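In case you want the letters, here they are:
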Amino acid sequence: MPDRKCSFKISLAESEDKLIETVSNLLRRCSEQAKDRKATFSIGLSGGSLVQLLTKALRKSTLDTSNWEFFFCDERYVADDHSDSTFCAYRTEWLSQLPSILDSQFVKADTTKLLEECAADYEARVKVKLGNSHSVPQFDLLLLGMGPDGHTCSLFPEQPATLEETSRLVIPIRNSPKPPPERITFTLPLINNARDVAFVVTGASKSDVVKRVFVDQDKQFPAAWVDPTNGQLTLIVDAGAGSQIIS
Ligand SMILES: O=C(O)[C@H](O)[C@@H](O)[C@H](O)[C@H](O)COP(=O)(O)O
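Being a predicted model, the structure only gives us computed values, none of them experimental. (Residues numbered from 1 in each chain as written. Predicted model: local features only at pLDDT ≥ 70, side-chain atom pairs only at ≥ 80, totals over all residues. Heavy atoms only, no water.)

Caption draft 1: Up close: the packing of aromatic side chains. For the structure on display, the rule yields 15 aromatic pairs. For the pair F71 and F139, a centre-to-centre distance of 4.9 Å together with 85 degrees between the ring planes defines the contact as edge-to-face. Here F139 lies in the loop between α4 (115-129) and β5 (141-144) and F71 lies in strand β3 (residues 68-72), a separation of 68 residues in the sequence. Seen in terms of ring centroids, Y122 and F186 are 6.5 Å apart; in terms of plane orientation they differ by 25 degrees. Their pairing is stacked. (Phe/Tyr/Trp six-rings, centres within 6.5 Å; stacked < 30°, edge-to-face > 60°. Helix = DSSP H or I, 4+ residues; strand = E, 2+ residues; numbered from the N terminus.)

Here is the structure:
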C-alpha cells in the first residue's frame, strides 16, 4: 500500500520538446523560490541521459544561472577528464552549449583522493557550501535519473545496505552493477532532506519499473525510497516511460 509522505506530482510529456519545457519550468520555479531564501541556488545533478536533457532545458529556459551551484548526486570514481566522469560530461557539454556557466560553479568530487576519503571530502564540501555543518544540508533541487533496475544516484538494488545508511550523507560504492565499478553517492538522509526532488525518466523500457516504483512503491527498488520529508517529489516522464501509469 502506498505510504508516501511527501507531496507527489507526475508530469507526462508527450514529446521531447514538452519534456524539455517541463524540466525548464521546474528549474524556473525552484530557482525563483530559492531567490527568496538564499543567495545561491543549490542543485544536484545526475548523469546519464539527464546531461543532454538538462542542457536543452537550460538553453530553452534562458534562466540567469549566475548564482547557481551545481553538485553531483553521484559521481564515478574516475579522473575529472575521464569519459565516464559525470562532471566531465556536463563540463564538456556546457563549454560549448552554455558558456556562461563557469567551472567555479561546479562543486565536484576530488577523485584524486582514496575512494573513502573522496566520499567523506565531498560530504564536507556539501556541508560547507550549503552552510549546515551541524545537521543535514538542504538542497533546493535534486535532479535524479532512474535505471531500468530502479536504481537512482548510485544506490543499487543489489546493495540494499546503502539504503540503510542513516549518518553519512555521501558514501563510497564498490562493485557497482552499472560501470564503472567505483563511485560515490548521496544517501537517503541527504536526498530526502531536499526541498524539491525531480526524477526525469524516459523510454518504454522503463515503463514497468516506473509503475512499480512510483505507483506500487515497491521498496525493492532504491528509487522507491526517495520521499522528501518536507519537500515536493516530481516525476517527469515521456509517453514511453509513463505508458503504464497514465491511461
Ligand atoms: O551516474 C549515473 O550513472 C547516474 O547518476 C545514474 O543514477 C543515472 O541517473 C541512471 O543510471 C539513469 O541513467 P539514464 O537516464 O541514462 O538511463
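Moving on from the model shown.
Caption draft 2: Region of interest: the site of the ligand. If you check the shell around the ligand, you find 15 residues, and the closest are S49, D74, H151, C153 and K206. Within the side chain of H151, a nitrogen or oxygen atom sits 2.6 Å from an oxygen atom of the ligand. Here an oxygen atom of the ligand and a side-chain polar atom of K178 are 2.7 Å apart. Protein contacts shield 90% of the accessible area of the ligand, which totals 420 Å² for the unbound molecule. In terms of residue class, the shell around the ligand is built from two nonpolar, eight polar and five charged. (Near = heavy atom within 4 Å. Polar contact = N/O pair within 3.5 Å; in protein donor to acceptor, adjacent residues only side chain to side chain. Areas by Shrake-Rupley, 256 points an atom, 1.4 Å probe, with all protein chains shown as cover. Nonpolar A, V, L, I, M, F, W, Y, C, P; charged D, E, K, R; others polar.)

Caption draft 3: Representation of the sheet that holds strand β4 (residues 74-76). In spatial order, the strands read β4-β7-β6; together these three strands make up an open sheet with antiparallel pairing. With partners counted over all chains shown, the strands left at the sheet margins are β4 and β6 (170-173), one partner each. With strand direction ignored, the average angle separating the axes of adjacent strands in the sheet is 20 degrees. By the bridge criterion, three bridges tie β4 to strand β7 (residues 183-186) in an arrangement that is antiparallel. Looking at β7, one finds that D74 is bridged to T185. Packing against the sheet, α4 makes contact with β6 and β7, and its axis sits at approximately 160 degrees to β6. (Pairing = 2+ DSSP bridges. Axes fitted to C-alpha atoms, helices over the stretch in contact; angles between N-to-C directions. Contact = heavy atoms within 4.5 Å.)

Caption draft 4: Up close: the packing of helix α2 (residues 50-61) against helix α3 (residues 86-97). For the pair α2 and α3, the least separation of the axes is 10 Å and the interaxial angle reads 30 degrees. When the axis of α2 is compared with that of α3, the two are roughly parallel. Here the hand of the crossing between α2 and α3 comes out right-handed. Touching L50, V51, Q52, L54, T55, L58 and R59 of α2 are A89, Y90, E93, W94 and Q97, all from α3. Within the contact of α2 with α3, the residues separate by chemical class into seven nonpolar, three polar and two charged. (Parallel < 35°, antiparallel > 145°, perpendicular 65-115°, else oblique. Left-handed = near helix turned anticlockwise from the far one by under 90°.)

Caption draft 5: Representation of the sheet that holds strand β2 (residues 41-45) within the structure. An order of β1-β9-β8-β5-β2-β3 is seen for the six strands of this open sheet, with the pairing classed as parallel. The sheet terminates laterally at β1 (7-13) and β3, the two strands that pair on one side only. For this sheet, the mean angle separating the axes of adjacent strands, direction not counted, is 20 degrees. Sheet topology places β2 next to β5; two bridges connect them, and they run parallel. When the sheet's bridge partners are listed, I43 is paired in β5 with L141.

Caption draft 6: Expanded view of the side chain of S42. Secondary-structure assignment places S42 in strand β2. Taking the relative accessible area as the measure of exposure, S42 reaches 1% and is therefore buried. One polar contact links S42 to K38, side chain to side chain, over a distance of 3.0 Å. Contact partners of S42, with chain neighbours within four places excluded, come to E69, F71, L130, F139, D140 and L141. (Buried < 20%, exposed > 50% of the residue type's maximum accessible area, 1.4 Å probe, protein only.)

Any link to function would need more than the numbers given here.
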